[in-house]
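# Structural overview
Spelled out from the first residue to the last, the chains are:
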Amino acid sequence: MANNWNRREIVKAGVAAGIGTFGVPASAPAVIRSRSMLRPVVVSSGNGLQACAKAMEMVQSGVDTLDAVIAGVNIVELDPDDMSVGYGGLPNEEGVVQLDSSVMHGPSRRAGGVGAIEGVKTPSKVAKLVAFRTDHVLLVGEGATRFARAHGFGAQELLTDRSREVWLRWKENLSDRDDWLSPEQAGEVSTAGFESFVRHYGTINCNVVDAEGNISGVTTTSGLAFKIPGRCGDSPIIGAGLYVDNEVGACGSTGRGEANLVECASFLVVELMRNGAHPKDAALAALQRIAGKTAPRLLTDGGRPNFNLRFYCLNKAGEYAGASMYGDLQGRTARFVVNDGGDSRHEDCAALFDAMS
Ligand code: GLY
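Residues numbered from 1 in each chain as written. Predicted model: local features only at pLDDT ≥ 70, side-chain atom pairs only at ≥ 80, totals over all residues. Heavy atoms only, no water.

Helices and strands together make up the secondary structure of the protein chain, namely nine helices and 14 strands. Within the protein chain, counting contacts between residues at least 6 apart in sequence, those at least 24 apart form 67% of the total. When the accessible surface of the protein chain is summed, it comes to about 15100 Å², and 50% of that surface belongs to carbon and sulfur atoms. (Helix = DSSP H or I, 4+ residues; strand = E, 2+ residues; numbered from the N terminus. Contact = heavy atoms within 4.5 Å. Areas by Shrake-Rupley, 256 points an atom, 1.4 Å probe, with all protein chains shown as cover.)

As structure tokens, then:
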């Protein structure tokens with residue numbers, strides 16, 4: 001029999017039933033769904049048009065939710081032109097590409113992450129192996145790399161000519177008191193086009209709820225461009241760069257990982273959804289929390305964070321949102337990707353602030 005409730009009413013019903021206040025055991029179901037209402041939905045950061053399409057195609061053909069989102073982000077990890085993720089990602093300050101990733105599988109509640117892994121184009125696949133083929137949740141550095149080798153990931157060169165050039169320009173422009181001369185200092189060519197990569201935080205997060213209400217997510221990144229070797233951002237950290245609860249929903253992030261790490265904001269977003277908040281309201285509340293706790297050295301003259309941070313989330317009913325600290329940054333509108341069964345499309349993120357001031 002058809003059920004005429006809309007999704008918001010279903011979520012409200014969970015709240016009205018007294019389910020899911022902040023102190024209630026996490027096993028309490030927060031969202032009541034009718035099977036006839038179920039609908040697969042995939043969301044991702046703005047660089048995930050193909051990733052969401054791939055994940056949707058796979059869940060629609062019955063593939064497990066985690067395998068679907070990993071296959072989706074593998075497209076971006078393997079894309080040499082995306083300089084924020086995987087192969088072609090911008091390196092650390094020594095010119096070495098170190099990648100971070102985490103996965104979380106709602107049905108089994110298994111989670112895995114790798115931090116500062118080297119020589120593997122698809123760290124999300126290694127994160128899944130950590131989740132399912134170890135008794136651990138997080139492997140970092142040389143240990144993560146050796147674990148990947150043990151599972152047959154041969155050493156791969158992750159720097160492309162383009163990402164090496166961008167790193168070289170950054171290094172040459174660090175100081176006018178060392179021996180590295182930029183083309184301008186040496187009287188040669190212009191560096192136009194490279195400025196936008198300075199202190200760049202890229203990343204892809206992708207989350208899905210399938211027709212059965214099963215939920216998984218993945219986040220993968222090359223992290224902060226030109227970082228101190230060994231730096232891990234929020235992406236490999238469960239609760240920060242990614243969090244999934246199969247009874248509630250999923251959330252992941254892109255942007256300044258350090259700001260997210262101290263608030264565990266993906267966990268916070270899922271907990272707020274557990275309490276009945278719509279994904280958009282939950283994500284904006286997390287951004288508000290972060291903005292309110294930002295250290296003075298990271299505030300603009302107008303008192304706003306001088307960085308961006310975004311969340312992508314969905315709940316078990318299939319409601320979803322992308323939310324950004326800023327709706328517009330350097331003339332670019334904050335957008336995320338959604339696929340609810342047709343073509344992937346961009347939608348505007350909800351924004352805590354319209355623009356930096
Ligand atoms: N959010 C990606 C990073 O901070 O590395």
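This brings us to the pattern of salt bridges. Summed over all chains, the structure comprises ten salt bridges. Residue D67 pairs with K128 through a salt bridge whose shortest N-O separation is 2.7 Å. A residue pair is termed long-range when its members are at least 10 positions apart, and D67 in helix α3 (residues 65-77) and K128 in helix α4 (residues 123-133) qualify at 61 residues. Judged by relative accessible area, K128 falls into the partly exposed class, the value being 27%. Counted as one network, the salt bridges with shared partners bring together D161, R164, E165 and R169. (Salt bridge = Lys/Arg side-chain N within 4 Å of Asp/Glu carboxyl O. Buried < 20%, exposed > 50% of the residue type's maximum accessible area, 1.4 Å probe, protein only.)

For the pair helix α2 (residues 49-60) and α3, the least separation of the axes is 8 Å and the interaxial angle reads 150 degrees. By the angle between their directions, the pair α2 and α3 is classed as roughly antiparallel. α3 is crossed by α2, and the crossing has right-handed handedness. Across the interface between the two elements, Q50, A51, K54, A55, M58 and V59 from α2 touch T65, D67, A68, V69, A71, G72, V73, I75 and V76 from α3. Residues that form the contact of α2 with α3 fall into these classes: ten nonpolar, three polar and two charged. (Axes fitted to C-alpha atoms, helices over the stretch in contact; angles between N-to-C directions. Parallel < 35°, antiparallel > 145°, perpendicular 65-115°, else oblique. Left-handed = near helix turned anticlockwise from the far one by under 90°. Nonpolar A, V, L, I, M, F, W, Y, C, P; charged D, E, K, R; others polar.)

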